Amino acid sequence: MRESHQFLGTVEAVHAAGLDGALWPRALAAIADAVGGSCASLETFDKQTLRHRGFLTHGLPPAGEIAYLEHYAALNLRVPAHAGAKLGELIWDYKILDEGTMARAPFYAEFLPGLDLRYLIAGVIHSSKEEFAAVTVQRSPKQGHVDQADIAAMRHLTPHVRQAFDVARRLKLAGAVRHCLERALDWLADGVALVAAGGKLTYVNEAFRAIAQRNDGITLAKGVIEFAGAEARTRFEAAIGSVNRLRAGDPLAAGVSDFPVARSSGAQTYLVSVRPLLERGGNVEGESIAIVFIRDPLGRSIAAPQMMRELFGFTESEASLAQALQSGMSLADYARSRAVSLNTVYTHLRRIREKTGCTRMTELIRKLNDLQVSLRLD
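The following paragraphs examine the structure supplied in this document. (Residues numbered from 1 in each chain as written. Predicted model: local features only at pLDDT ≥ 70, side-chain atom pairs only at ≥ 80, totals over all residues. Heavy atoms only, no water.)

### Things to note about the nonpolar core
So, point 1. Counting 30 residues, the largest nonpolar core has Ile-31, Val-35, Leu-42, Ile-121, Val-135 and Val-161 as its most contacted members.
So, point 2. If you tally residues by element for this core, the top one is helix α2 (residues 24-35), at eight residues.
So, point 3. Apart from the residues within four sequence positions on either side, Val-161 is in contact with Val-14, Trp-24, Ile-31, Leu-42, Ile-125 and Val-135.
So, point 4. With 23 residues, the next largest nonpolar core counts Ile-240, Val-243, Val-261 and Ile-289 among its residues. (Core = buried A, V, L, I, M, F, W, Y, C linked by side-chain atoms within 4.5 Å. Buried < 20%, exposed > 50% of the residue type's maximum accessible area, 1.4 Å probe, protein only. Helix = DSSP H or I, 4+ residues; strand = E, 2+ residues; numbered from the N terminus. Contact = heavy atoms within 4.5 Å.)

Spelled out as structure tokens, the structure:
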């Protein structure tokens, strides 16, 4: 490394890129400058096919414009050497090829001259059974082969790029886990919210938003849950306080709470459940400390027949009978409540059995009860 301040600036740029992927072009520019090259790239390959999985660069046109990934990537003699290299190992052209081989290879004779490039030095920053990755610095014919100072500079920088690359992958994985969880929560028919220590919401699913928009005892205001009743507000504050104490190590704190919430309209009450999110080797929810479930009995009574119609192809009458059977109502009581004959009810029951493939009533009830899993229907 020619200048210590240049080395420190490059390292700073590399680690910043590990935290913010948008900064990789700046980091690669600093690496290219520090190693005496024209451009630099960060490339990830599938180990079986040797095809690219990721391609970040500074100083090169987009891959699609230079036809590299489409044609010349498969002819790049450097890639097999990278695939067989150890983690942290450096590779440069005259270490693996002689000038005669370069002159005969289409990658060197046809592709690189169009970009005014010729030579390379690379460091392997990731290697697994499935893939490998390398940071590369490209040099022009005028710049020539790397010298010992260039190799030393790359040797000092490669471990930092490796660390930043690993951080970026971990952050991406954590983000994917979180988004995966949120997508799963969006499928629940129950309202679900994630809550931070001070009561601020960090996430609400679609069912929760629908409940809040009805403004019937529960609403959302300024990023927090608002309950119309004073008792519900007190119970919720106490529940969050209990979760905070539990996370702080208080063995007497329950951290679990269930309470009813009255609707302003006087309709059937909600049931609110608060459960702690305990850290286990790192909390994937970041600042979230608790998960809140809101069960809406009215919403479920609407959802169940719709689910039955979609899954089994029930008619509206058949779905209504199936829901009644699920609740324990007898066929005679159902016939009286609907003002229909028992013969009609038996006809609906026969069709329900045919569509569900159930021959016995116990088998049918068990299958219907399986639908109580709270999957969102829309």
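### Concerning the sheet that holds strand β2 (residues 52-58)
So, point 1. Read from one edge to the other, the open sheet built from five strands follows the order β2-β1-β5-β4-β3, with strand pairing classed as antiparallel. The strands lining the two open edges of the sheet, one partner per strand, are β2 and β3 (90-92). Averaged over neighbouring strand pairs, the angle between their axes works out to 20° when direction is ignored.
So, point 2. In terms of strand pairing, β3 meets strand β4 (residues 119-127) through three bridges, oriented antiparallel. (Pairing = 2+ DSSP bridges. Axes fitted to C-alpha atoms, helices over the stretch in contact; angles between N-to-C directions.)

### Examining the packing of aromatic side chains
So, point 1. Inspection of the entire model under this criterion finds seven aromatic pairs.
So, point 2. Among the aromatic residues, those joined into a cluster by ring pairs are Phe-107, Tyr-108 and Phe-111.
So, point 3. Lys-95 extends its terminal NZ or CZ atom over the ring of Trp-92, reaching a point 4.9 Å from the ring centre.
So, point 4. It is Arg-263 that lies over the ring of Tyr-270; its NZ or CZ is 4.0 Å from the centre. (Phe/Tyr/Trp six-rings, centres within 6.5 Å; stacked < 30°, edge-to-face > 60°. Lys NZ or Arg CZ within 6 Å of the ring centre and 35° of its normal.)

### So, the pairing of strand β1 (residues 39-46)
So, point 1. Counting buried positions along β1 yields eight of eight residues, so the element is predominantly enclosed.
So, point 2. Where burial is concerned, the two faces of β1 agree: the one with Cys-39, Ser-41, Glu-43 and Phe-45 and the one with Ala-40, Leu-42, Thr-44 and Asp-46 are both buried.
So, point 3. Summarising the sheet, β1 and strand β5 (residues 131-139) pair through eight bridges and their orientation is antiparallel. Opposite Cys-39, over in β5, you have Gln-138 as the bridge partner.
So, point 4. The hairpin formed by β1 and β2 contains five residues between the paired strands, and Leu-50 there has a positive phi angle of roughly 60°.

### Focus on the side chain of His-348
So, point 1. By secondary structure assignment, the location of His-348 is in helix α14 (residues 342-356).
So, point 2. If we ignore the near neighbours within four places in the chain, the residues touching His-348 are Ser-317, Glu-318 and Leu-321.

### What about the pattern of salt bridges?
So, point 1. This structure, assessed with the given rule, holds 16 salt bridges.
So, point 2. Across the salt bridge formed by Glu-131 and Arg-53, the nearest N and O atoms sit 2.8 Å from each other. Taken as a pair, Glu-131 in strand β5 and Arg-53 in strand β2 lie far apart in primary sequence, 78 residues in all.
So, point 3. Note on Arg-53: relative accessible area 47%, which makes it partly exposed.
So, point 4. The closest approach of N and O atoms between Arg-214 and Asp-296, which form a salt bridge, is 2.7 Å. (Salt bridge = Lys/Arg side-chain N within 4 Å of Asp/Glu carboxyl O.)

### Overview of the environment of Ser-320
So, point 1. Its place among the elements puts Ser-320 in helix α12 (residues 316-326).
So, point 2. Taking the relative accessible area as the measure of exposure, Ser-320 reaches 17% and is therefore buried.
So, point 3. A C-alpha to C-alpha distance of 9.5 Å links Ser-320 and Tyr-334, two positions 14 residues apart in sequence.
So, point 4. When sequence neighbours within four positions are dropped, the list of residues in contact with Ser-320 reads Tyr-334 and Arg-338.
So, point 5. Of note is the side chain of Ser-320, whose polar atom sits 3.0 Å from the side chain of Tyr-334. (Polar contact = N/O pair within 3.5 Å; in protein donor to acceptor, adjacent residues only side chain to side chain.)

### As for the side chain of Asp-150
So, point 1. Along the chain, Asp-150 turns up in helix α8 (residues 148-186).
So, point 2. On the basis of relative accessible area, Asp-150 is assigned to the buried category, the value being 2%.
So, point 3. For Asp-150, the side chain forms a polar contact with the side chain of Arg-139, separated by 3.3 Å.

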